[in-house]
Amino acid sequence: MAKVLVLNASYEPLNITSWRRAVVLLIKGKAERVEHNGKHLYADFPLPTVIRLRHYVRVPYKEIPLTRRNILHRDSHTCQYCGYTGDDLTLDHVVPRSRGGGDAWENIVTACVRCNVKKGNRTPVEAHMYLHHLPRKPYSSLYFEVSKHLKSGLHDEWQKYIIGL
Ligand SMILES: [Zn+2]
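Residues numbered from 1 in each chain as written. Predicted model: local features only at pLDDT ≥ 70, side-chain atom pairs only at ≥ 80, totals over all residues.

A. Spotlight on the domain arrangement of the protein. Split into domains, the protein comes out as domain 1 (3-61 + 140-161) and domain 2 (68-119). A straight line from the C-alpha centre of domain 1 to that of domain 2 covers 34 Å. (Domains from an automatic or database assignment.)

B. Spatial organisation of the nonpolar core. Core analysis: the largest hydrophobic core is formed by twelve residues, namely Val 4, Leu 5, Val 6, Leu 7, Ala 22, Leu 25, Ala 31, Val 50, Ile 51, Leu 142, Val 146 and Trp 158. Within the residue set of this core, elements represented by two or more residues are strand E1 (3-7), helix H1 (19-27), strand E4 (45-53) and helix H5 (141-152). Residue contributions to this core peak at four residues, all from E1. Excluding residues that lie within four positions of it along the chain, Leu 25 makes contacts with Lys 30, Ala 31 and Ile 51. Core analysis: the second largest hydrophobic core is formed by eight residues, Leu 89, Ile 108, Ala 111 and Cys 112 among them. (Core = buried A, V, L, I, M, F, W, Y, C linked by C-beta atoms within 7 Å. Buried ≥ 20, exposed ≤ 12 C-beta atoms within 10 Å, placed from the backbone. Helix = DSSP H or I, 4+ residues; strand = E, 2+ residues; numbered from the N terminus. Contact = placed C-beta atoms within 7 Å.)

C. View of the sheet that holds E1. Pairing is mixed across the open sheet formed by four strands, whose spatial order is E2-E1-E4-E3. Among the strands making up the open sheet, the edge pair consists of strand E2 (13-18) and strand E3 (31-42). Strand-to-strand twist of the sheet, defined as the mean angle between neighbouring strand axes without regard to direction, takes the value 25°. Both E3 and E4 contribute to a ladder of seven bridges, which runs antiparallel. Counterpart to Glu 35 in the pairing with E4 is Val 50. In the packing of H5 onto the sheet, contacts are made with E1 and E2, and the angle to E2 comes to roughly 55°. (Pairing = 2+ DSSP bridges. Axes fitted to C-alpha atoms, helices over the stretch in contact; angles between N-to-C directions.)

D. Molecular detail of the environment of Ala 2. Note that Ala 2 resides in the segment before E1. For Ala 2, a count of 13 C-beta atoms within 10 Å corresponds to the partly exposed category. It is 8.6 Å that separates the C-alpha atoms of Ala 2 and Leu 154, two residues lying 152 residues apart in sequence. Contact partners of Ala 2, with chain neighbours within four places excluded, come to Trp 19, Leu 47 and Thr 49.

E. Here's a closer look at unusual backbone geometry. Unlike most non-glycine residues, Ser 76 shows phi in positive territory, near 55°. Mapped onto the fold, Ser 76 is located in the loop between helix H2 (68-74) and strand E5 (89-93). At His 77, a position not held by glycine, the phi torsion is positive, near 50°. Within the secondary structure layout, His 77 lies in the loop between H2 and E5.

F. Spotlight on H5. The terminal C-alpha atoms of H5, which comprises twelve residues, lie 17 Å apart, in line with the 16 Å expected from a rise of 1.5 Å per residue. Looking at the residues trailing H5, positive phi occurs at Gly 153, about 80°. (Expected span 1.5 Å × (residues − 1).)

G. Spotlight on the environment of Gln 159. One can find Gln 159 in the segment after H5. Gln 159 sits 102 residues away from Val 57 along the chain, and the two C-alpha atoms are 22 Å apart.

H. Just the pairing of E1, in detail. Here E1 lies mainly inside the structure; four of its five residues are buried. Sheet topology note: the E1/E2 ladder contains five bridges and is antiparallel. Across the sheet, Val 4 pairs through a bridge with Thr 17, a residue of E2. Two successive antiparallel strands, E1 and E2, enclose a turn made up of five residues, where Tyr 11 displays a positive phi of approximately 75°. Sheet topology places E1 next to E4; three bridges connect them, and they run parallel. Across the sheet, the residue bridging to Leu 5 is Val 50, located in E4.

The following block contains the structure:
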């Protein structure tokens, strides 16, 4: 069922919620409808796709777990050395573990099996294999989640509330 993007009173994206929860917030007067997709819950009540809270809430930063799935998503399921996209992707430590490279967003990238084997136990400079994008920590867990929804193509109307994706 459809998800709803919740904006803070400041119009910054806050979280993603279910349409049921969004409807409750609207009925209670805690939020206002910003976008809807033309579908109706009942007459005169369009189903929201974006709502905005009437009162500003402060949110703490939430860490994004460093998992294989999340790294593949950050790198768009693309080998960062040759641009290959496919199923048999691996994770590569840019600076190999044996050379002191750690498990960090900045040191792990998506690589195809061929590039991973070719690079072996070397740094990109030693192997003359250069990264298409410098790996970095995702901006925020919300932006990370929202980008997954945008990639699915289901929530194009969210795009204008998300800056920097
Ligand atoms: Zn490759």
